[in-house]
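# Coordinate analysis (summary)
The residues making up each chain are set out below.
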Amino acid sequence: TIQGLAAASATRVLALKFDTGGALWVGTDAGAARLAAGGVFRVIEETRGKAVTAILPRTKEGGAWLATAGGQIFECGAAGADGHVAARPLNSEVLQSAEADRPDELELTSLVEGEGGVVYAGTRSRGLLSFERGEAKEINSRPRVYFVEALERDARGVVWMGGRGESGLYEARDWLRPVRTGEGLGTVTALRAGAGNDLWVGTERRGVFRFRDARLVSRFTFEGTAGGLRSDHIYAIHVDREGVVWFGTDRGVCRFDPRSPRNERLASDAQSNFVRALYRTKKGELLVGTNRGLFVRDAKTSAWRAVAELERQSVYAIAEDAAGRLVVGTAGGLHVNVSLKVRPQVVEQASEPPEGTLETSRVQGSASEKADDVSAAQTAREAAQTDASPQPAPSPAAKGRKKEREQGGSGGGGFSVRAIRVFQGATYLATYGRGVERLDGERRTLVWPVAPDADASLREVTTLHAEDERRLWIGTARAGLYVLENSEVKAAGGEFDKLKGSAVRAIEGSETRGLWVATNAGLYALDKGRLVEML
């Protein structure tokens, strides 16, 4: 409760700001106050009874400027020893609105400091005003933004304006020639500079947009974040000292932490979101292989797009061979020199920002989202029960692909390629049902097991791992762990015998970092010659 203004239930907070000295200023519909020493709010008497809509801390002298909904700006000096703050109006006359239905009030919405002590204010109906030496002047810019809802200066010193309209964001390097930036943003209600050159843009009905160096990099919406953003109506944005962004909406507060994990949906169906492989190419493209295709991330828009060549294919492995060709292993075979040409349409995604996550109090997703979650969970249970997961029917496009994209040489047509590794300059394949193969150009040669009467379990190869160019580890679905070393494949033996009967899903590590093995029975680590169960 701010003593001396009004009862808490009757006072609405319209603005909050910390000044350069760390003191908190509060603007309400009944006046402004400053949090003084001892945790007590000191009312700015000159503002009593006035709705304070914006606060701008003074960078040099301390104190702040206060804007009101009645067309006045007050300059507040630094607090005295007793906590008292003196305030004086910058304009001697109360400004009038240009709206026919509100002729007696000019609502000031936002403030920004210019050069030489000039203060600029955004208004509703008269555009941008400058205040200097007690005089208010209208900025007759082209284009003219009559309803200015927000003002903000970014890390580069560039001023941004948010206004009404179909796309209300303007970059104002020159006050007389603001440049409209972005498309389809709608009315911009809040602006806040973030880390680096980020600019966060809150809108009236279209959620939050994130710009960097005047370029749109991501967008948040209520639907697109599965309710993480509580509403698409944004009224306030704050970036705290740790870089976390807070959003005030008509349904509560939520936060975005750029350092925390987040979820991204590749497409609307559950199978396209069942991820089996991740890979970053030498050119920097991020690829994801799923139960229903290969997806590539658009670095400019953060959208996921489906690769046309592998549409509806279950992708298990992605790699680049020594020749720089993109090689992809699928349930239907091997694809060599894959083109990343995408389908024309953009694949739907649920979370758009390039990093971080939106968090709120628990919000239930839509019925379709819950159904996708249940479907994905069911698919995961089925995949855990058997190494061979059900595959979708091939599309006509898949049936018509060129033969040179498929595996060549020594046969193996239709076998599932589960892993691809470059080892000692050669490309090796884990082909489930056939064994370990080496890819030379378009020709595939069976490396292990070569005996025609070899136990079928040896051919159920599930994963590969190249350890420091010294040995190639081979994981199987039932026969345990094997190693290719000095051109010879042999059982890992010793401590690794305990893995027999378990499906080896992944192997990672090195001689210096230790070896880790993931199986359907748990996670194991090799510690001083002993295989220790970690999970």
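On a predicted model such as this, the values are computed, not experimentally measured, just so you know.

### Some details on the pairing of strand 30 (residues 333-336)
Sheet topology note: the strand 29 (residues 326-330)/strand 30 ladder contains four bridges and is antiparallel. If you follow Thr-330 over to strand 30, its bridge partner there is Gly-333. As consecutive antiparallel partners, strand 29 and strand 30 are separated by two residues.

### Considering a nonpolar patch on the surface
Residues Trp-516, Met-534 and Leu-535 make up a contiguous nonpolar surface patch of roughly 340 Å² in combined accessible area. Looking at where Met-534 falls in the secondary structure, it is placed in the segment after strand 43 (530-533). Judged by its relative accessible area of 42%, Met-534 falls in the partly exposed class.

### Some thoughts on the pattern of salt bridges
Counted under the stated rule, the structure contains 30 salt bridges. For the salt bridge of Glu-149 with Arg-124, the shortest nitrogen-to-oxygen distance reads 2.6 Å. Here Glu-149 is found in strand 13 (residues 148-153), whereas its partner Arg-124 is found in the loop between strand 10 (119-123) and strand 11 (128-132), with 25 residues between them in sequence. When its relative accessible area of 23% is taken as the criterion, Arg-124 is described as partly exposed. Here Glu-149 ties to Arg-164 by a salt bridge, and the two come within 3.2 Å at their closest N and O atoms. Residue Glu-149 is located in strand 13, and its partner Arg-164 is located in the loop between strand 14 (159-163) and strand 15 (169-172); the two are separated by 15 residues in the primary sequence. Taking relative accessible area as the criterion, Glu-149 reaches 10% and is therefore assigned buried. By relative accessible area, Arg-164 is classed as partly exposed at 43%. Through salt bridges that share partners, Glu-107, Arg-124, Glu-149 and Arg-164 make up one connected network.

### Looking at the confidence of the model for the chain
Residues with a pLDDT of 70 or more make up 84% of the chain, whose mean pLDDT is 84. Under a pLDDT of 50 for its full length, residues 360-392 has, in the predicted model, 43 contacts with residues more than four places off or in other chains. Confidence over residues 394-413 falls short of pLDDT 50; this stretch has 42 contacts with residues more than four positions distant or in other chains.

### What to know about the packing of aromatic side chains
Counted by the stated rule, this structure contains nine aromatic pairs. Relative to Tyr-482, the ring of Trp-448 lies with its centre 4.9 Å away and its plane at 40 degrees, an arrangement referred to as tilted. Pair noted here: Trp-448 is in strand 35 (residues 443-448) and Tyr-482 is in strand 38 (residues 481-485), with a separation of 34 residues, a long-range link. Under the relative-accessibility criterion, Trp-448 is labelled buried at 10%. Note on Tyr-482: relative accessible area 13%, which makes it buried. Feature note: the residues Trp-200, Phe-220, Phe-247 and Phe-256 constitute an aromatic cluster, connected by ring pairs. Positioned over the ring face of Phe-222 is Arg-251, at 5.9 Å from the centre of the ring. Looking at Arg-418, its charged tip hangs above the ring of Tyr-316, at a distance of 4.3 Å from the centre.

About the cut-offs
- Residues numbered from 1 in each chain as written.
- Predicted model: local features only at pLDDT ≥ 70, side-chain atom pairs only at ≥ 80, totals over all residues.
- Heavy atoms only, no water.
- Pairing = 2+ DSSP bridges.
- Helix = DSSP H or I, 4+ residues; strand = E, 2+ residues; numbered from the N terminus.
- Patch = residues over 30% accessible without salt bridge, like charges linked within 9 Å, V, L, I, M, F, W, Y side chains within 5 Å.
- Areas by Shrake-Rupley, 256 points an atom, 1.4 Å probe, with all protein chains shown as cover.
- Salt bridge = Lys/Arg side-chain N within 4 Å of Asp/Glu carboxyl O.
- Buried < 20%, exposed > 50% of the residue type's maximum accessible area, 1.4 Å probe, protein only.
- pLDDT = per-residue confidence, 0-100.
- Contact = heavy atoms within 4.5 Å.
- Phe/Tyr/Trp six-rings, centres within 6.5 Å; stacked < 30°, edge-to-face > 60°.
- Lys NZ or Arg CZ within 6 Å of the ring centre and 35° of its normal.

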